[in-house]
Amino acid sequence: MSSELLVWLNGELVSKSQAKVSVFDHGFLYGDGVFEGIRAYNGKVFMLDEHIDRLYDSAKSIWLNIPMTKEEMKAAILQTLKVNGLRDAYIRVVVSRGEGDLGLDPRKCLKPNVVIITDKIELFPNELYERGIEMVTVSVRRNSPQALNPNIKSLNYLNNILAKIEAINAGKPEGLMLTLDGYVAEGTGENIFIVKRHELFTPPAYMGILKGITRKVVMDLSREIGYLVHEVVLTLHDVYTADECFITGTAAEIVPVVKVDGRVIGNGVPGSVTKALIQKFREYTQKFGVPID
Ligand code: PXG
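Please read all numbers here as calculations on a predicted model, not as lab measurements. Along each chain, the written sequence defines residue order, and numbers are assigned to residues from 1. Per-residue local features of the predicted model are confined to residues with pLDDT of at least 70, and side-chain atom pairs are confined, for both listing and counting, to 80 or more; whole-chain, interface and lining totals are unaffected and use all residues. Hydrogens and water are ignored here; the side-chain numbers use all heavy atoms of the structure.

J.: What's the story with the site of the ligand in this structure? I'm lost.
T.: Of all residues adjacent to the ligand, which total 21 residues, the nearest are K153, Y157, E186, T214 and T250. Any pair of nitrogen or oxygen atoms within 3.5 Å is treated as a polar contact; in protein, a donor-acceptor pairing is required on top of that, and neighbouring residues in sequence qualify only through side-chain atoms on both sides. Taking E186, its side chain carries an N or O atom lying 2.6 Å from a nitrogen atom of the ligand. In this structure, an oxygen atom belonging to the ligand sits 2.7 Å away from a main-chain N or O atom of I213. To be clear on the numbers: accessible area is Shrake-Rupley with a 1.4 Å probe, and residue cover counts the displayed protein chains and nothing else. Protein burial of the ligand: of its 550 Å² of free accessible surface, 87% is covered by the chains. Residues are counted as near a molecule or strand when any one of their heavy atoms sits within 4 Å of it.

Structure, rendered in structure tokens:
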């Protein structure tokens, strides 16, 4: 095993310092490309098929042809984890339009660049999960699906980054993004749920959000435990008056939210439903996934 991290770049494993693409790549010039963030837990890749399916769906939607099959992509991910000796990891798959000229025309980009980065996972501090976080509604609205569908996990994340900066400037770790109509959409890189009378509510995917894979797992686990789950339009009033609130994402997993725009949610501490789901989710991630070897 090499001491320097190896990156999968267009079919070759190259050391981190050698893993480079052209400044003429349209991923760099225009954010023209797609990506996925995936986790490995305990020697197994969590929800691998679901992430690969979403990657290929994002690519299809933007007319980007990934130059390898899904099976080849999965094998490449497993190989990259293996050579780096990683059992608990964060995996970033990036497919960009490739090198072109300075114009927008993607037809000039003949070969997409495919990159798989695997690295140690930087866990969020434990106290975040024990105490919960505060969120603030940001003024930047989530991209309209009519302009750029948030279901596409594209390299163009400026919408979310601007929202994140606003939250940070307000001194809060995470921002709550609304749709153009002012309905609750999602966090900057997480989906949102509220709990009311032991039932779960989350905005439907057609509202213009990323259809999160953690969101789907949480909905399934909730139903398994016996909670009803509803995908419904939510207002800020619904959030402020919820018993519990939490956000979900591959990196964050399930993070309790205890204050939104200054309103204390429920008792101001992570609620029993949220805590039960965090516990159940952790067990699930340790058990299920595609083995690395
Ligand atoms: N909404 C948005 C806008 C996202 O980008 C999620 C929801 C959650 O989806 P999953 O499938 O992960 O449950 C995301 C996740 C990170 C990071 O490292 C996460 C995301 C994008 C970029 C970075 O925290 N996406």
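J.: Which parts of the structure should I look at to understand the packing of aromatic side chains?
T.: Centre distance and the angle of the planes are the two values used to describe a pair of aromatic rings. Pairs were defined over the aromatic rings of Phe, Tyr and Trp, the Trp ring being its six-membered one, requiring ring centres within 6.5 Å. Orientation was assigned from the angle between planes: stacked under 30 degrees, edge-to-face over 60, tilted for the rest. The tally for this structure, following the rule as stated, stands at 6 aromatic pairs. Considering the side-chain rings of F46 and Y284, the 5.9 Å spacing of their centres and the 85° angle between planes classify their relative orientation as edge-to-face. With a gap of 238 residues between them, F46 in the loop between strand 4 (44–45) and helix 2 (48–61) and Y284 in helix 8 (residues 272–287) connect regions that are remote in the sequence. Here F46 falls in the buried class, since its relative accessible area comes to 7%. Taken together, a centroid distance of 4.8 Å and an interplanar angle of 45° make the contact between Y284 and F288 tilted. Residue exposure (1.4 Å probe, protein chains only): buried if accessible area is under 20% of the type maximum, exposed if over 50%, otherwise partly exposed. What makes Y284 partly exposed here is its relative accessible area of 26%. A connected cluster of aromatic rings, assembled from ring pairs, spans Y41, F46, F281, Y284 and F288. One cation-aromatic arrangement involves R263 over Y240; the distance from NZ or CZ to the ring centre is 4.0 Å. Look at NZ for Lys and CZ for Arg. If either is within 6 Å of the ring centre and within 35 degrees of the ring normal, a charge sits over the ring. One cation-aromatic arrangement involves R282 over Y129; the distance from NZ or CZ to the ring centre is 5.1 Å. Helix and strand definitions follow DSSP, with helices as H or I runs of at least four residues and strands as E runs of at least two, each counted in order from the N terminus.

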